[in-house]
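Here is what each chain is made of, one letter per residue.
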Amino acid sequence: MVSSLAAPKLTTTFSSSTTLLFSKNLPLSLSNPFLSLPLNLTSSVTHLHCRSLSFCHRHRRGFVAASAEPDNGADSARKYDFDLFTIGAGSGGVRAARFAANFGASVAVCELPFSTISSETGGGVGGTCVLRGCVPKKLLVYASKYSHEFDESHGFGWKYDSEPKNDWSTLIANKNAELQRLTGIYKNILKNAGVSLIEGRGKIVDPHTVDVDGKLYSARNILISVGGRPFIPDIPGSEYAIDSDAALDLPSKPEKIAIIGGGYIALEFAGIFSGLTSEVHVFIRQKKVLRGFDEEIRDFVAEQMSVRGIEFHTEESPQAIIKVADGSLSLKTNRGTVDGFSHIMFATGRRPNTKNLGLEAMGVKLNKNGAIEVDEYSRTSVPSIWAVGDVTDRVNLTPVALMEGGALAKTIFHNEPTKPDYRAIPSAVFSQPPIGQVGLSEEQAVEQYGDVDIFTANFRPLKATLSGLPDRVFMKLVVCAKTNKVVGLHMCGEDSPEIVQGFAVAVKAGLTKADFDATVGIHPTAAEEFVTMRTPTRKIRSSPEVCQAHNLFFLSSCNNVYSLRSQLSNVVGSLTSFLN
Ligand SMILES: NC(=O)C1=CN([C@@H]2O[C@H](COP(=O)(O)OP(=O)(O)OC[C@H]3O[C@@H](n4cnc5c(N)ncnc54)[C@H](OP(=O)(O)O)[C@@H]3O)[C@@H](O)[C@H]2O)C=CC1
Ligand SMILES: N[C@@H](CCC(=O)N[C@@H](CSSC[C@H](NC(=O)CC[C@H](N)C(=O)O)C(=O)NCC(=O)O)C(=O)NCC(=O)O)C(=O)O
């Protein structure tokens, strides 16, 4: 099915004498490996002369089309429908499409009709983040945080005549109305950028042609930005389980839920359902949650979530789900069976959505997980085909997909080959309490730099003094001993994603611990701890010289010293924090 916004059949020729004039007078740039003309200059000239949108569009297409051809297999004599055809209108696709259009390219995006659950036939403009991920998840996090706030409020003198209750159907209806509003906004963002939106399922049929439900569109460049889908391991009874798409749109709130997995999604949904007063059990196959995160953060968040009533089942792998006659579900693991669940949710990762796109036939290389292999500029093994976002399984975060999409538009249509920069990407887990982090974990820093100073604060926040709740906050700076640069910053506690976003600028800029120390704190905040950590909790030294310089015990390797000292300093640190 092709929507009323189906792509217009446009011709692609050099159109304006003004553009030609300027183009002729400008030196050819050979710096762009992908293009032959200095599009940035010609584009800006074109914008100066745009008087109406339709004129702009006609005007833009000529030179972009003519210059994007050289090494992507496009035929310079051929007229293509679009300079860029994007399959998938999620974060990466929308960003690349609208930025490309702003640079003067003629662009189309195809996307499936709106659905809260992703499938072969349902998707929606906005993609995972807006419709089935970050946004609805955060709305549910907001909803679920109230119960903790009600608990806190008693110590501040609040009294309620009756226990506050959450009405799940109101919450879900309001959330869905917001998703409808946002998908509408995203359609308008595309429309206002001059991007043609085509509703339907795109499939690549040759390196320059996309088939959308039987209608063919030619393009100089094709972008795949179709994201990923939740992955559920194939165990007996898995058909009774739900994934995160379904968990965001349940007809009723779970009474007792098992969440399998210990990653971002598992912890965020554990917090959501626990806050909304469901009984929550999290099953992780390892000893700890959040593989890859800083070890102390892993321990701290699990401890705090347990204090709030979530039960963690560690080193338990799911083996089968059994539906019982009373309608409840039992989860069988390697350690036994837990009964009585109303819902069992898998949060066991997501897989790139690369099936039925025609990729194998086209020779687009996929890795062993089914992700599209791309070079540093997001180009696939087929020169005219590009890919950004979760479908490439690089760093699966919306802001990273946005960065990749923006970089791609610059690379192809702005004469500015741009590699996404993956250094010091901050991220958050919206668990309760939430985590914010940027840069290296302590373990990664020790591996990379050897000699590292660790500063930590583990304290009872001011709010907890009156609320009386056992909430604590943990904060950590990882400092390279040689350069004094802060190479890692971690926090678990209220507002940590908001706080860490600001500090991420400092870490990305390579600021030193001395710069942090020279910054005046904002009092009283939790954030001020990051600029008032005066004494290292421990100094980790891997080289004997540095060890001696720091007047430690004489040993040929400092690792033993490290472990002894770190254990001692952990004890001292905890005692100090406790006394504070
Ligand atoms: N706030 C944010 O920025 C958010 C980001 N995301 C992104 O979405 C992606 C998907 O998130 P998520 O689903 O949490 O994936 P993650 O990869 O973060 O976590 C998956 C979890 O499932 C476990 N697991 C995997 N397979 C099995 C299995 N067969 N049996 C039992 N356990 C299993 C993993 O264990 P093990 O560690 O042993 O492999 C791990 O604990 C992530 O890449 C993340 O970047 C998602 C939500 C929020
Ligand atoms: N920081 C805000 C975030 C809210 C927000 O960004 N809302 C988005 C929707 S969801 S977020 C969806 C995501 N947008 C973003 O990530 C915003 C990116 C940042 N502002 C930037 O420009 O880089 C995305 O897919 N972007 C594609 C693109 O920008 O090309 C929006 O468009 N709101 C409009 C409105 O409500 O009226 C908050 O928490 O309140």
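Residues numbered from 1 in each chain as written. Chains lettered and ligands numbered in written order. Predicted model: local features only at pLDDT ≥ 70, side-chain atom pairs only at ≥ 80, totals over all residues. Heavy atoms only, no water.

Within the chain, the secondary structure is distributed over 18 helices and 22 strands. Of the contacts formed within the chain by residues at least 6 apart in sequence, a portion of 65% connects residues at least 24 apart. Here the chain displays about 26,100 Å² of accessible surface, and carbon together with sulfur accounts for 55% of that area. (Helix = DSSP H or I, 4+ residues; strand = E, 2+ residues; numbered from the N terminus. Contact = heavy atoms within 4.5 Å. Areas by Shrake-Rupley, 256 points an atom, 1.4 Å probe, with all protein chains shown as cover.)

Taken together, Phe-156, Trp-158, Tyr-160 and Leu-466 make up a surface patch of nonpolar side chains, about 440 Å² in accessible area. Its location among the elements puts Trp-158 in the loop between α6 (134-153) and α7 (168-192). (Patch = residues over 30% accessible without salt bridge, like charges linked within 9 Å, V, L, I, M, F, W, Y side chains within 5 Å. Salt bridge = Lys/Arg side-chain N within 4 Å of Asp/Glu carboxyl O.)

On to the confidence of the model for the chain. Mean pLDDT over the chain works out to 86, with 81% of the residues at or above the 70 mark. Of all the helices and strands in the chain, helix α1 (residues 17-25) carries the lowest mean pLDDT, 30, while strand β21 (residues 486-492) carries the highest, 99. For residues 1-70, every residue scores under 50 in pLDDT, and the model assigns this stretch 136 contacts once sequence neighbours within four places are set aside. Segment residues 547-566: pLDDT under 50, and 26 contacts once partners within four positions in sequence are set aside and those in other chains are kept. Scoring the predicted complex yields pTM 0.86 and, for the interface, ipTM 0.92. (pLDDT = per-residue confidence, 0-100.)

Among the nonpolar cores identified, the biggest contains 39 residues, and Ile-259, Phe-273 and Met-345 are the most heavily contacted of them. Of all the secondary structure elements, the ones that give two or more residues to this core are α6, α7, α8 (244-247), β8 (256-260), α9 (264-275), β9 (279-283) and α10 (295-307). In terms of residue count, the dominant contributor to this core is α9 (six residues). Every residue in contact with Phe-273, bar those within four places of it in the chain, is listed here: Trp-168, Ala-247, Leu-250, Pro-254, Ile-257, Ile-259, Ser-278, Val-280 and Met-345. Ranked by size, the runner-up nonpolar core spans 24 residues in total, among them Val-125, Leu-190, Leu-197 and Leu-408. (Core = buried A, V, L, I, M, F, W, Y, C linked by side-chain atoms within 4.5 Å. Buried < 20%, exposed > 50% of the residue type's maximum accessible area, 1.4 Å probe, protein only.)

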